[in-house]
Amino acid sequence: MSRTILITGGGTGIGRATARHFAEQGETVIVTGRRLQPLSDLAQQTGVRALVCDHTDPQSLAGVLSALPEQIDVLVNNAGGNTDFDSGTDPDTGAGDEMELVRYARAFRANLDANLISAALTTKALDGRLAAGGAVVHIGSIAADQGAGSYGASKAGLATWNLDLARLLGPRGITANVVSPGYIADTEFFRDHLTDERREHLVAGTATGRAGSPADIAGAIAFLASPAARHITGQVLNVNGGAHTTR
Ligand code: NDP
């Protein structure tokens, strides 16, 4: 029987590859995002359902609940990114006066909102609909272990908050894990901030000698949502070609 899979931020990059993966397996897939165009393009190509939603905004989230099914088997909290790329400023520079502090606070909170609050809010909103035996998978980042300002802090917070979630959902047979990518090519993540030199540096840091692909992450998400992974919960699964290792 087909499962119902909700993928936040599913119109581009990792979310889109994940949506394609599950759709190809015959699952019922719903994707969300703030821009309609990439979502409806994907919906046309694959038959997934698309809903516009800003997952940092409780009102926007509450507004789409009536359009979502009563039961969700797999929730992928993928929406996010480094909001410093969009603000176009470096929050760690400046004079430290009031204006700078206001700007710094706004920039820091934007990353917490985009990557941590969005996942917590979405999970809270859907808690009652998560099916027994299901899975919640968040997308973290190698930045949680290696730094990257408020973005890294937001992803580290996501991994820590997930420990509580795993304990909360465990008795219902629902797992909660983080997939933590290293550098993944073919996404909109870096906007136009990734220089050739930086890309080469990121690839050189891997043991595999290549960038990750959105399909690499989709495969890890699919595994954590599969029957084979029912006793794996509260974990961070690093998918980074060996750029950062744990043991
Ligand atoms: P993309 O920018 O391509 O994908 C992010 C998606 O999230 C977009 O479709 C965007 O659509 C959506 N999104 C962002 N904010 C919101 C929001 N508030 N509400 C709803 N949707 C939102 O990049 P990736 O595919 O790379 O990013 C996916 C995840 O992977 C992110 O959490 C990112 O932090 C993480 N990651 C990526 C890495 C990489 O190298 N690419 C490395 C490590 C982690 P829209 O703007 O229309 O809302």
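Rules behind the numbers
- Residues numbered from 1 in each chain as written.
- Predicted model: local features only at pLDDT ≥ 70, side-chain atom pairs only at ≥ 80, totals over all residues.
- Heavy atoms only, no water.
- Salt bridge = Lys/Arg side-chain N within 4 Å of Asp/Glu carboxyl O.
- Helix = DSSP H or I, 4+ residues; strand = E, 2+ residues; numbered from the N terminus.
- Buried < 20%, exposed > 50% of the residue type's maximum accessible area, 1.4 Å probe, protein only.
- Contact = heavy atoms within 4.5 Å.

**With respect to the pattern of salt bridges**
Here is step 1 of the chain: Going through the model one piece at a time under the given rule, you end up with 9 salt bridges.
Here is step 2 of the chain: The closest approach of N and O atoms between Arg-172 and Asp-127, which form a salt bridge, is 2.7 Å. Taken together, the residues Arg-172 in the loop between α7 (149-169) and β6 (175-181) and Asp-127 in the loop between α5 (98-126) and β5 (130-139) connect sequence positions 45 residues apart.
Here is step 3 of the chain: Taking the relative accessible area as the measure of exposure, Arg-172 reaches 33% and is therefore partly exposed.
Here is step 4 of the chain: A salt bridge links Arg-199 to Asp-196; the shortest N-O distance between them is 2.9 Å. Separated by 3 residues within a single helix, Arg-199 and Asp-196 lie in helix α8 (residues 196-204), roughly one turn from each other.
Here is step 5 of the chain: Residue class for Asp-196 comes out exposed when judged on its relative accessible area of 53%.

**Structural notes on helix α9 (residues 214-224)**
Here is step 1 of the chain: Among the residues of α9, those classed as buried are Pro-214, Ile-217, Ala-218, Ala-220, Ile-221, Ala-222 and Leu-224.
Here is step 2 of the chain: Looking at the buried side of α9, the elements it contacts are α1 (13-24), β4 (72-77), β5, β6 and β7 (236-239).

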